[in-house]
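# Tertiary structure, described
Residue-level listing of the chains:
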Amino acid sequence: MRNVLSERARQAQPSPTLALTAQAQALRRQGVDVLSFTAGEPDFDTPDFAKTGALEAIHAGYTKYTPTPGILPLREAISEKFEHENGLRYAPDQIVVSCGAKHSLFSVFMAILDPGDEVIIPTPCWVSYPEQVKLMGATPVFVPTDETTDFLPSYDALRQAITTRTKAIVLNTPCNPTGAVFGRQQLKEIASLALTHDLWIVADEIYEHLTYDDYRHESIGALSKEVLNRTITVNGVSKSFAMTGWRIGYLGAPSEVAGAVSRLQDQMTSNACTVAQHAALAALQNANSEWYAFVRTLFDRRRQLLVDGLRSIDGLHCWTPRGAFYVYVNVQGLIGRRYNGRALESSADVAGFLLNEARVATVPGEGFCAPGYVRFSYTSSEAIIQAGVERIAEAVSRLD
Ligand code: PMP
Ligand code: GLU
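Residue indices begin from 1 for each chain and proceed along its sequence in written order. Note on labels: chains are lettered from A, ligands numbered from 1, in written order. The model is predicted, so local features are restricted to residues of pLDDT at least 70 and side-chain atom pairs to those at 80 or more, both for listing and for counting; the totals for chains, interfaces and linings are taken over all residues. Calculated side-chain values reflect all of the structure's heavy atoms, with hydrogen atoms and water omitted.

### What about the overall build of the protein chain?
The helix count covers DSSP runs of H or I at least four residues long, the strand count covers runs of E at least two residues long, and both are numbered beginning at the N terminus. Check the secondary structure of the protein chain and you find 14 helices and 15 strands. Computed over the C-alpha atoms, the radius of gyration of the protein chain is 21 Å, within 12% of the 21 Å expected from 2.2 N^0.38 for a compact globule of 400 residues. In terms of principal-axis extent, the alpha carbons of the protein chain reach across some 60 × 60 × 55 Å. Taking all 400 residues of the protein chain together, the buried fraction comes to 56%. For the radius of gyration, the atoms used are the C-alpha atoms, and the globule rule reads 2.2 Å times the number of residues raised to 0.38. The rule is simple: take the accessible area with a 1.4 Å probe, protein chains only, and divide by the maximum for that residue type; under 20% is buried, over 50% is exposed, in between is partly exposed.

If you want it as structure tokens, here you go:
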């Protein structure tokens, strides 16, 4: 057999965020005292109100298949959530529940992209968008940003990236890995480009509840009915409810797209786990402003601790994130400095140096299509953040 694997499988890259998280865990199992800043997942437990939903579902015998797009009460709850929290009107039959927002995004790209299509992705971007787009035979077109524009793409840069092949634009606000939050003006600009050039907006809003200072999340689809008709809104319970392992994501989309995603899911996964759907339903039904304030306050304290700590280290430049739970640290000031007789040549080298010399695990910017930076997740305790900063300061002080 000439090619054991398909071209698609040969092209598929592992997720660097997952790989580095696993590497840090493996080192810890071997007894190496590694402090991990890799994982994009809350360190606290799923709230009891969500767990109760799952336990009750098990006892009530909700352990069978459900309709592929999800149980109706969950789709109704999501429809209400979209309307009340986001100003988005998606009817329950325009909602598809999946095995995680990552799964929803994959299905969306499969539903809207043909080989040769182009998708605009502002960078730095989350690791999976370009890989998923490429798996559809389509081409990611990057629009780079940096801290001088608060990691927000300009209207002109976006417009210049549009060609006759452009099918969609990815909007991730609050953004992983930068923590940028798109304001009303940027949303209007993106919406006007989508309307003028007949593009889909794929809005990934999974970090919507994690915004700090005076920044608040706004949904692009809430701008107008015309914009909503072009917007596929992806969300999930992983980040807002510390439910990463339950694997429940969802999307709201115009009926044609929601129907296509549901048909594709029919052939891929059928429904998402029934018990987990009931847990997600309980999470959404019991979510209140106290829970969201608890999560926001917890991460906000960690954010300030990490940003202040890293800023005090010579060679690190740290833009203050406005949302999500990551700091995207500019490490260009360390490039060219030497340890063990060897110069640090890239952000991947810097992340390697931090792991080997400070026993601090991070994800280098190469995976986010924006080298020169290293991503720190502040989903671990204040004690770990403090210890991590001390270790990094000590290791950096040993650089020539
Ligand atoms: N989008 C972004 C920006 C993320 O950071 C994540 C985290 N993995 C996801 C989507 C997927 O989340 P999940 O599949 O756990 O719902
Ligand atoms: N979104 C998280 C992260 O960026 C989880 C890992 C992943 O799914 O890529 O770290």
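### Some remarks on the packing of helix α12 (residues 289–311) against helix α14 (residues 382–397)
Axis definition: a line fitted to C-alpha atoms, over the contacting stretch in the case of helices. Angles run 0 to 180 degrees between N-to-C directions. Between α12 and α14, whose axes approach to 10 Å, the crossing angle comes to 10°. On the basis of the axis angle, α12 is roughly parallel to α14. Along the contact surface, α12 presents Arg301, Arg302, Leu305, Leu306, Gly309 and Leu310, while α14 presents Glu382, Ile385, Gln386, Val389 and Ile392. The class makeup of the residues in the contact of α12 with α14 is six nonpolar, two polar and three charged. Orientation categories follow fixed angle ranges, with anything under 35 degrees roughly parallel, anything over 145 roughly antiparallel, 65 to 115 roughly perpendicular, and all other angles oblique. Residue contacts are counted whenever heavy atoms from the two residues lie within 4.5 Å of one another. Only Asp, Glu, Lys and Arg are considered charged, only Ala, Val, Leu, Ile, Met, Phe, Trp, Tyr, Cys and Pro nonpolar, and every remaining residue, Gly among them, polar.

### Quick word on the site of ligand 1
Being near a molecule or strand, for a residue, means having at least one of its heavy atoms within 4 Å of it. Lining the immediate surroundings of ligand 1 are 13 residues, of which Ala101, Asp204, Tyr207, Ser238 and Lys239 lie closest. By the criterion applied in these results, polar contacts are pairs of N or O atoms within 3.5 Å in which, for protein atoms, one can donate a hydrogen and the other can accept it, and in which residues neighboring in sequence qualify only through two side-chain atoms. Within the contact set of ligand 1, an oxygen atom lies 2.7 Å away from a side-chain nitrogen or oxygen of Asn176. Arg247 places a side-chain nitrogen or oxygen 2.8 Å from an oxygen atom of ligand 1. For the area figures, the Shrake-Rupley method with a 1.4 Å probe applies, and any residue is considered shielded solely by the protein chains shown. Taking 390 Å² as the accessible area of ligand 1 by itself, protein coverage stands at 92%. Looking at the shell around ligand 1 residue by residue, the class counts come to five nonpolar, four polar and four charged.

### Notes on helix α4 (residues 72–86)
By definition here, a helix of n residues has an expected span of 1.5 Å times n minus one. Here α4 spans 20 Å end to end across 15 residues, near enough to the 21 Å set by a 1.5 Å rise per residue. Leu74, Arg75, Ala77, Ile78, Ser79, Lys81, Phe82 and Asn86 are the residues of α4 that are buried. Of the surrounding elements, those touching the buried residues of α4 are β2 (95–98), β7 (231–236), β8 (249–252) and α11 (274–286). The first or second residue beyond α4 is Gly87, which carries a positive phi of 70°.

### Here we look at the sheet that holds strand β3 (residues 118–123)
We treat two strands as partners when DSSP finds at least two bridges between them. In space, the seven strands of this open sheet follow the order β2-β8-β7-β6-β5-β3-β4, with mixed pairing throughout. At either margin of the open sheet sits one strand with a lone partner, and together these are β2 and β4 (139–144). With strand direction ignored, the average angle separating the axes of adjacent strands in the sheet is 20°. Where β3 lies against β4, six bridges are found, and the strand directions are parallel. Bridging across to β4, Thr123 finds its partner in Pro144. Here helix α5 (residues 101–112) sits on the sheet and contacts β2, β5 (166–172), β6 (200–204), β7 and β8; the angle it forms with β7, its principal contact strand, is near 160°.

### Quick notes on the environment of Met268
Within the secondary structure layout, Met268 lies in helix α10 (residues 255–268). Note: C-alpha distance between Met268 and Ser107 (161 residues apart in sequence) is 9.4 Å. Ignoring sequence-local partners within four residues, the contact set of Met268 consists of His103, Ser107 and Met110.

### So, the packing of aromatic side chains
The pairing test for Phe, Tyr and Trp rings, Trp by its six-membered ring, is centres within 6.5 Å, and the orientation test on the planes gives stacked under 30 degrees, edge-to-face over 60, and tilted for anything in between. This structure, assessed with the given rule, holds 22 aromatic pairs. Look at Phe82 and Tyr90: their rings are 5.2 Å apart centre to centre, the planes differ by 65°, and that puts the pair in the edge-to-face class. Taking relative accessible area as the criterion, Tyr90 reaches 3% and is therefore assigned buried. Between Trp291 and Phe294 the ring centres are 5.4 Å apart and the planes differ by 45°, which places this aromatic pair in the tilted class. Of this pair, Trp291 and Phe294 are both found in helix α12, three residues apart, which corresponds to roughly one turn of the helix. The exposure class of Trp291 is buried, given its relative accessible area of 12%. The class of Phe294 is partly exposed, set by a relative accessible area of 39%. In textbook terms, an aromatic cluster arises when at least three aromatic residues are bridged by ring pairs, as seen for Phe44, Phe49, Tyr207, Phe241, Trp291, Tyr292, Phe294, Phe299, Phe325 and Tyr326.

### Some words on the site of ligand 2
The environment of ligand 2 is formed by 13 residues, the closest being Thr17, Gly40, Lys102, Asn176 and Arg375. At 2.8 Å from an oxygen atom of ligand 2 is found a side-chain nitrogen or oxygen belonging to Arg375. If ligand 2 stood free it would expose 280 Å²; the protein chains cover 87% of that surface. Here the residues of the shell around ligand 2 sort into five nonpolar, five polar and three charged.

### Focus on unusual backbone geometry
The omega torsion across Thr123 and Pro124 is 0°, close enough to zero to call that bond cis. Within the secondary structure, Pro124 is located in the loop between β3 and α6 (128–135). Backbone torsion omega between Asn176 and Pro177 reads 20°, so that peptide bond is classified as cis. On the secondary structure map, Pro177 appears in the loop between β5 and α8 (184–197). Backbone geometry at Asp198 places phi at a positive 60°, although glycine is not the residue there. If you trace the backbone, Asp198 turns up in the loop between α8 and β6. Judged by its relative accessible area of 54%, Asp198 falls in the exposed class. The residue Ala242 is not glycine, and still its phi comes out positive at about 50°. Its location among the elements puts Ala242 in the loop between β7 and β8.

### Examining the nonpolar core
Buried Ala, Val, Leu, Ile, Met, Phe, Trp, Tyr and Cys residues that are joined via side-chain atoms within 4.5 Å together make up what is termed a nonpolar core. In this structure, Ile112, Ile220, Leu306, Leu310, Phe376 and Ile392 are the most contacted members of the largest nonpolar core, which totals 125 residues. Excluding anything up to four places from it in sequence, Leu310 contacts Leu316, Cys318, Val329, Phe376, Val389 and Ile392.

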